[in-house]
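The primary structure of each chain is shown beneath.
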Amino acid sequence: MRRWIAVGVLILVVGVAWRVMSAGRRAETPAASEAGVPVEVRPVETTTLVERVSAGGSITAVREVLVTTKLSARVAAVLVKEGDNVRAGQVLVRLESDDIQAQVRQAEAGLAAATARLRMLEEGARPQERAQVEDQVRSAEANLAAATARLRMLEEGARPQERAQADAAVAQARANYETARANLERMRMLYESGAISKAQLDAAELQHDLARAQYDAAVQQRNLVQTGPRPQEIEMTRSQVEAARAQLDAARQQHALVQQGAREQEVQMARAQVAQARASVAFARLQLANATVVAPFAGTVTRRLVEPGQLVTPMPGQGALVMVAQIDTVYAGLDVSETDLGRIRVGQPVALRIDAYPDRTFAGTVSELGYAADPRVRVFRIKVAVPNPDHALKPGMFARGDITVATHPETMVIPRSAVVTEGGRTLAFVAQAGIARARTVRLGIASGPMVQVLSGLSKGDAVIIAGHDGLTDGTPVSVR
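Heads up: these notes are all about the structure in this document.

Quick notes on the rules
- Residues numbered from 1 in each chain as written.
- Predicted model: local features only at pLDDT ≥ 70, side-chain atom pairs only at ≥ 80, totals over all residues.
- Heavy atoms only, no water.
- Helix = DSSP H or I, 4+ residues; strand = E, 2+ residues; numbered from the N terminus.
- Buried < 20%, exposed > 50% of the residue type's maximum accessible area, 1.4 Å probe, protein only.
- Contact = heavy atoms within 4.5 Å.
- Areas by Shrake-Rupley, 256 points an atom, 1.4 Å probe, with all protein chains shown as cover.
- Expected span 1.5 Å × (residues − 1).
- Axes fitted to C-alpha atoms, helices over the stretch in contact; angles between N-to-C directions.
- Parallel < 35°, antiparallel > 145°, perpendicular 65-115°, else oblique.
- Left-handed = near helix turned anticlockwise from the far one by under 90°.
- Nonpolar A, V, L, I, M, F, W, Y, C, P; charged D, E, K, R; others polar.
- Salt bridge = Lys/Arg side-chain N within 4 Å of Asp/Glu carboxyl O.
- Phe/Tyr/Trp six-rings, centres within 6.5 Å; stacked < 30°, edge-to-face > 60°.
- Lys NZ or Arg CZ within 6 Å of the ring centre and 35° of its normal.
- 1 Å grid on protein atoms, 1.4 Å probe; cavity = no way out; pocket = protein on both sides within 12 Å on 5 of 7 lines; lining within 4 Å.
- Points joined across faces, edges and corners; volume = space filled by probe spheres on them.

1. Side note on the overall build of the protein chain
For step 1, the next point in the chain: Along the protein chain, the regular secondary structure elements total eight helices and 20 strands.
For step 2, the next point in the chain: Counting every position in the protein chain, which comprises 480 residues, the buried fraction comes to 37%.
For step 3, the next point in the chain: Contacts spanning at least 24 positions in sequence make up 78% of the contacts within the protein chain whose residues lie at least 6 apart.
For step 4, the next point in the chain: When the accessible surface of the protein chain is summed, it comes to about 26800 Å², and 53% of that surface belongs to carbon and sulfur atoms.

2. With respect to helix α7 (residues 264-290)
For step 1, the next point in the chain: Helix length check: α7, at 27 residues, gives a terminal C-alpha distance of 39 Å against a target of 39 Å (1.5 Å per residue), a fit within 8%.
For step 2, the next point in the chain: Taken residue by residue, α7 has Glu266, Val267, Ala270, Val274, Ala277, Val281, Ala284, Gln287 and Asn290 as its buried positions.

3. A word on the packing of helix α2 (residues 98-123) against α7
For step 1, the next point in the chain: Across the interface, α2 lies against α7 with an axial gap of 8 Å and an inter-helix angle of 160°. Compared by their axis directions, α2 and α7 come out roughly antiparallel. Viewed along their axes, α2 and α7 form a crossing whose handedness is left-handed.
For step 2, the next point in the chain: Of the residues belonging to the contact of α2 with α7, the class tally is 14 nonpolar, seven polar and seven charged.

4. Quick word on the pattern of salt bridges
For step 1, the next point in the chain: Per the stated rule, a full pass over the model turns up 19 salt bridges.
For step 2, the next point in the chain: The salt bridge involving arginine 252 is made with glutamate 141; its shortest N-O contact spans 3.4 Å. Placement of the pair is arginine 252 in helix α6 (residues 231-260) and glutamate 141 in helix α3 (residues 127-156), with a sequence separation of 111 residues.
For step 3, the next point in the chain: Arginine 188 is the partner of glutamate 185 in a salt bridge, and the nearest nitrogen-oxygen pair spans 3.4 Å. Of the two residues, glutamate 185 and arginine 188 are both situated in helix α4 (residues 160-192); the distance of three residues between them amounts to about one turn of the helix.
For step 4, the next point in the chain: A cluster of three or more residues bridged by salt bridges with shared partners is formed by Glu51, Asp340 and Arg343.

5. Observations concerning the packing of aromatic side chains
For step 1, the next point in the chain: For the structure on display, the rule yields two aromatic pairs.
For step 2, the next point in the chain: Where tyrosine 177 meets tyrosine 215, the ring centres are 6.0 Å apart and the plane angle is 5°; that geometry is what we call stacked. Of this pair, tyrosine 177 sits in helix α4 while tyrosine 215 is found in helix α5 (residues 198-227), placing the two residues 38 residues apart along the sequence. The two residues tyrosine 177 and tyrosine 215 agree in class, both being buried.
For step 3, the next point in the chain: Ring geometry for tyrosine 357 and phenylalanine 362: centres 5.9 Å apart, planes at 65°, overall edge-to-face.
For step 4, the next point in the chain: Against the face of phenylalanine 297 rests arginine 63, its NZ or CZ located 4.0 Å from the ring centre.
For step 5, the next point in the chain: Here arginine 360 stacks its cationic end above the ring of tyrosine 357, 5.7 Å away from the centre of that ring.

6. Some words on empty space enclosed by the protein
Which parts of space are left empty comes out when a probe the size of a water molecule is rolled across the atoms.
For step 1, the next point in the chain: Counted according to the given criterion, the structure contains two cavities of 30 Å³ or more.
For step 2, the next point in the chain: Volume-wise, the largest cavity comes out at about 220 Å³.
For step 3, the next point in the chain: As for the largest cavity, its lining consists of 15 residues, and the residues nearest its centre are Gln106, Asn143, Ala213, Ala217 and Gln240.
For step 4, the next point in the chain: Only α2, α3, α5 and α6 provide two or more residues apiece to the lining of the largest cavity.
For step 5, the next point in the chain: Broken down by element, the residue count for the lining of the largest cavity peaks at five residues, all from α5.
For step 6, the next point in the chain: Across the lining of the largest cavity, the residue classes break down as eight nonpolar, five polar and two charged.
For step 7, the next point in the chain: What the second largest cavity holds in volume is close to 40 Å³.
For step 8, the next point in the chain: Every element with two or more residues in the lining of the second largest cavity is listed here: α2 and α5.
For step 9, the next point in the chain: Among the residues making up the lining of the second largest cavity, the classes are represented as four nonpolar, two polar and two charged.

In structure tokens form, the structure reads like this:
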């Protein structure tokens, strides 16, 4: 009996001792029986953080001008094509100018007549000058008759006998012109030798100019008889008739003054006529200059809008010739919000990306800030100057820009993925000795995948960046 009691006591003691040993082992290694939550960590580091504002917009030229015509005329030649680089003053387009050249010669002849008349009034007339004035009257009468006949022929059409008359008129006008030219040469020699006065030489020059104008008119009239007139030629001939009538009136007045002598009022009027004739010459020469269209500045031809033979006029929408742009440097017009505008300053660097060049980044600089918002979308436009030496950037291209508005050196950063929002608090978990510890953090600016840490962490802390879903402060973790 005692033996069985002893055996039972022994078994009881062994069982109690085993339980005590097992409990001790569990108390010593509480986390050994369960694995920690697998997580990924990254140490808190310091770097230079760049703050950027992103915006979209389009490329524009620094200077861009639509070159237009000031005349109603046909295009004679277009001397450039799209993509050509041109210098300031280079000829772009030439317009037909035969009619304008005739107007210049006519205006110059009118100036010569007015000048001679004024000189005669101021100096008085000699017998030979009276004869010259009579010749001028007869020449002006012939010029008016020829212009009137030419206008009638243009308006009514030419008959065979009129064609013959036109040929004869050309021959006669040529002979008169040759005679006047020879006489002018003779008078110049006499003037150089002192045999005649300056007024006589001027009268010979006037006679020469009138003879040349008559010859040109006769040639044009013959051409019109052969080919038939254009509406512009009829209008021009009417103008020539009026001019010839005015010349005849001036010649008759001059003749009367030579015979009667000039009054002071007549001298003043003659001076005014000289000034008016000079203005007519200046205007005619300006019109002739306008027939040659030049580049307003050095740049690139971006559009060619006319072809030879095309009729252009100064009317809106009908006078555009070519577009010239300055694209060695271009502007990127970027649209930014009111909030972002307050952080942007002139001179800040900008990195531009263009869809047409996915592998290139273009460097620019903020050059101008917008002073008024677009009322439709409430954004401000800023201008970014971008060097474009290879002309890769074309006006109208879409651009995306990152504007560097601030740089923060030696600032602590963590990945955005490490930030957790819980109960209105911003947290980051740090792995310490296999345990997750929650830290309340205060964040600053974000740049790309990184965010600035203002407080709550220290450099080198192992911040959990993956696997922190469901973590709480004190949860065991295992770092992968």
